[in-house]
Amino acid sequence: MTEDFFAGAAQVLAADGGSTMFLGDDLIPYLVLAVGGALLVGNLAAMVRPRRDGGGGEPVRAPARRAVPLALVGLVAAIWALATLLAG
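Residues numbered from 1 in each chain as written. Predicted model: local features only at pLDDT ≥ 70, side-chain atom pairs only at ≥ 80, totals over all residues. Heavy atoms only, no water.

Trainee: When you look at the overall build of the protein in this model, what are you seeing that I'm missing?
Mentor: The helix and strand inventory of the protein stands at 3 helices and 2 strands. Counting from the amino terminus, helix and strand elements in the protein follow one another as α-α-β-β-α. With 88 residues in all, the protein has 11% of them scored as buried. Within the protein, residue pairs in contact and separated by at least 24 positions form 66% of the contacts whose partners lie at least 6 positions apart. Only carbon and sulfur atoms are counted for the fraction: they give 68% of the accessible area of the protein, which is about 6,900 Å². (Helix = DSSP H or I, 4+ residues; strand = E, 2+ residues; numbered from the N terminus. Buried < 20%, exposed > 50% of the residue type's maximum accessible area, 1.4 Å probe, protein only. Contact = heavy atoms within 4.5 Å. Areas by Shrake-Rupley, 256 points an atom, 1.4 Å probe, with all protein chains shown as cover.)

Right, dumping it as structure tokens:
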């Protein structure tokens, strides 16, 4: 069964001719969109819902001096990637 899978995969790759890249020419904007979105959502989530200490004590808030600038960097990266993808 695995021989059939590899033979089929080899046929698909040979038919492609190796001329196209994974996700086409838009690979970098997709990656920037993913990283920027994760940076934005992760930092906002850390500020909105703080984690609890291991002993069940008071919630530990993310430092806003670090989380807000990182969220803004993620927002700028995501907007840039969306604009790049929509433009072309």
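Trainee: It is not clear to me how helix 2 (residues 27-48) should be interpreted in this structure. Could you clarify?
Mentor: Given 3.6 residues per turn, any residue in an α-helix points the same way as the ones three and four places further on. End to end, helix 2 covers 31 Å across 22 residues, agreeing with the expected 32 Å (1.5 Å per residue, within 8%). Buried within helix 2 are the following residues: P29, G36, L40 and N43. Relative to the axis of helix 2, the buried residues are bounded by an arc of 85 degrees and lie together on one face. In helix 2, the exposed residues that point more than 90 degrees away from the buried face are V35 and V41. Tucked inside the fold, the buried residues of helix 2 contact helix 3 (64-87). (Expected span 1.5 Å × (residues − 1). Arc of directions from axis to C-beta.)

Trainee: I tried to follow the packing of helix 2 against helix 3 on my own but got confused; where do I start?
Mentor: For any two helices packed against each other, the geometry comes down to the angle between their axes and how far apart the axes lie. As a packed pair, helix 2 and helix 3 sit with axes 7 Å apart at the nearest point and diverge in direction by 150 degrees. Between helix 2 and helix 3, the angle falls in the class roughly antiparallel. Between helix 2 and helix 3 lies a crossing of left-handed hand. Here the contact of helix 2 with helix 3 is built from residues that sort into 20 nonpolar, 5 polar and no charged. (Axes fitted to C-alpha atoms, helices over the stretch in contact; angles between N-to-C directions. Parallel < 35°, antiparallel > 145°, perpendicular 65-115°, else oblique. Left-handed = near helix turned anticlockwise from the far one by under 90°. Nonpolar A, V, L, I, M, F, W, Y, C, P; charged D, E, K, R; others polar.)

Trainee: Looking at this model, I keep getting lost on the confidence of the model for the protein. Mind explaining?
Mentor: Fine structural detail should not be taken from predicted coordinates in areas where pLDDT scores are low. Here the protein averages 83 in pLDDT, while 78% of its residues score no lower than 70. Here helix 1 (residues 2-16) stands out as the least confident element of the protein, with mean pLDDT 69; helix 3 is the most confident, with 95. (pLDDT = per-residue confidence, 0-100.)

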